[in-house]
Amino acid sequence: MDYYLFPLDYNFYPSYIFLRTFFDHIFLTIRYLIHDPKTGQTAAVDTPCATAYQRELERRGWTLTHIFNTHKHHDHVGGNQELKSEGVKIFGPASDGNIPGMDVPLKGGDKVSFAGSEAEIIDVGGHTVGHIAYYFPSEKTAYVGDSLFALGCGRMFEGTPAQFWSSLLRLRDLPDDTIVYCAHEYTESNAKFAMSVEPGNHDLVRRVEEIKAKRSRGEPTVPSLMGEEKLTNPFLRGDVSAEIRKNVGASNRDSGAEIFAKIRRGKDNF
């Protein structure tokens, strides 16, 4: 499979181009097209709107065949109906409410074939109750929507701390060399919070400096590697970092879910 992420050229990996869509002056949403030249199959991962995809598909001469939705929020499904045409199959979470035009409902443990590869569906509920991620082991890639961000995670709109923490543990179990594609460029803001709760983490300090340098050059910080997230993302580290527990008011007697809840509350109020 070849990956095309458009329209900003950026050489995090040699063949990658980024799609960046601004919805307002604060939030940067990233969406992806995946194209396989051998089969001609093309997938959109979430659809904030149809126009950018239609323009890029036409420019490249590709035909959309799949839409992989991670959850129900409008900035992830807003273009579904307009992009859906004959031959386009929409996949999405089975238990997350209305996914416009969905053909194939999915739950954790399911598998999806695309372009000769197979995606494992991971239950990552918490941001929304039915949120899913698409993990391609053969490609070492995971499309995680808003469940996990670079140095952060999504707000807990519907789930419970226990549910969300279990979801993050499933993601944390992925191999270190998994390339994590999240849905928003929130990394600079996330970095400030991460530094506030774990300033003694030397891996984090180094990564924050790299992030600042990238953003000063107008470069994205997404994707990231799961190994980086395990070493630096506070939402994956509450059970392994005494410094984080101390700074969010958690004790050694707190469960992982209770620690996560305190970290999430700290970020919400940061």
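Residues numbered from 1 in each chain as written. Predicted model: local features only at pLDDT ≥ 70, side-chain atom pairs only at ≥ 80, totals over all residues. Heavy atoms only, no water.

Topic: the pattern of salt bridges
Oppositely charged side chains are able to pair whenever their charged atoms sit close together. Under the convention used in this document: Throughout this description, the term salt bridge denotes a Lys or Arg side-chain nitrogen within 4 Å of a carboxyl oxygen of Asp or Glu.
One pass over the structure, following the stated rule, counts 18 salt bridges. Salt bridges linked by common partners bring E56, R59 and R60 together as one network.

Focus on the pairing of strand 10 (residues 117-123)
As a reminder of what qualifies: DSSP-based pairing: two strands are paired if at least 2 bridges between them are found. Under the scheme used here, helices are H or I runs from DSSP no shorter than 4 residues and strands are E runs no shorter than 2 residues, and both carry numbers assigned from the N terminus.
Pairing analysis gives four bridges linking strand 9 (residues 111-114) to strand 10, with the strands arranged antiparallel. Each bridged residue has a counterpart across the sheet, and for S113 the counterpart in strand 10 is E118. Hairpin remark: strand 9 followed by strand 10, antiparallel, with two residues in the connecting loop; positive phi at A115, about 55°. For strand 10 and strand 11 (residues 132-136), the ladder comprises four bridges, and the chain directions are antiparallel. Residue pairing in the sheet places D123 in a bridge with I132 of strand 11.

With respect to the side chain of S224
What counts is decided by this rule: Polar contacts, as used here, are pairs of N or O atoms within 3.5 Å; protein pairs need one atom able to donate a hydrogen and one able to accept it. Residues neighboring in sequence count only if both atoms are side-chain atoms. What makes two residues a contact is simply this: any of their non-hydrogen atoms within 4.5 Å.
Topologically, S224 is positioned in strand 14 (residues 224-225). Reaching out from S224, the side chain makes a polar contact with the side chain of E229 at a distance of 2.7 Å. Once residues within four sequence positions are removed from consideration, S224 is found in contact with A150, T178, I179, V180, R207 and E229.

Concerning the nonpolar core
Generally speaking, nonpolar side chains in soluble globular proteins are found buried as a group. Here is the rule we go by: As used here, the term nonpolar core means buried Ala, Val, Leu, Ile, Met, Phe, Trp, Tyr and Cys residues forming a set that is joined through side-chain atoms within 4.5 Å. Only protein chains enter the accessibility calculation, which uses a 1.4 Å probe; a residue is then buried when its area is under 20% of its type maximum, exposed when over 50%, and partly exposed in between.
Judged by nonpolar contacts, the single largest core of 48 residues is most densely connected at F68, Y134, Y143, V144, L148, L168 and L171. Look past the residues within four positions of L148 in its chain and what remains in contact with it is C153, L168, L171, V180, C182, M226, N233 and L236.

What about the confidence of the model for the chain?
Inclusion rule: Per residue, pLDDT measures the predictor's confidence, with a range of 0 to 100.
With 90% of its residues at a pLDDT of 70 or more, the chain shows a mean pLDDT of 88. Within the model, the stretch residues 2-26 combines pLDDT values under 50 with 74 contacts to residues more than four positions away or in other chains.

Considering the sheet that holds strand 13 (residues 179-182)
In space, the six strands of this open sheet follow the order 9-10-11-12-13-14, with mixed pairing throughout. Edge positions in the open sheet fall to strand 9 and strand 14, since each of these has one partner strand only. Where strand 11 and strand 12 (residues 141-145) come together, three bridges link them in antiparallel fashion. Pairing of F136 across the sheet is with T141, part of strand 12.

Let's talk about the packing of helix 4 (residues 161-172) against helix 9 (residues 256-268)
Worth spelling out the cut-off: Orientation is described by axes fitted as lines to C-alpha atoms, over the contacting stretch for helices, and by angles from 0 to 180 degrees between their N-to-C directions. For classification purposes, angles smaller than 35 degrees are called roughly parallel, those larger than 145 roughly antiparallel, those between 65 and 115 roughly perpendicular, and all remaining angles oblique.
Close contact between helix 4 and helix 9 brings their axes to 8 Å; oriented N to C, the two are set at 100°. The angle between helix 4 and helix 9 places the two elements in the roughly perpendicular class. Judged by residue contacts, P161, A162, F164, W165 and L168 of helix 4 engage G256, A257, F260 and A261 from helix 9.

Considerations on unusual backbone geometry
The omega torsion of the bond from V222 to P223 falls at 10°, within 30 degrees of zero and hence cis. Tracing the backbone through its elements, the reader meets P223 in the loop between helix 6 (202-216) and strand 14. Positive phi values are uncommon outside glycine, yet A115 reaches one of about 55°. Locating A115 in the fold gives a position in the loop between strand 9 and strand 10. The class for A115 is buried, based on a relative accessible area of 12%.

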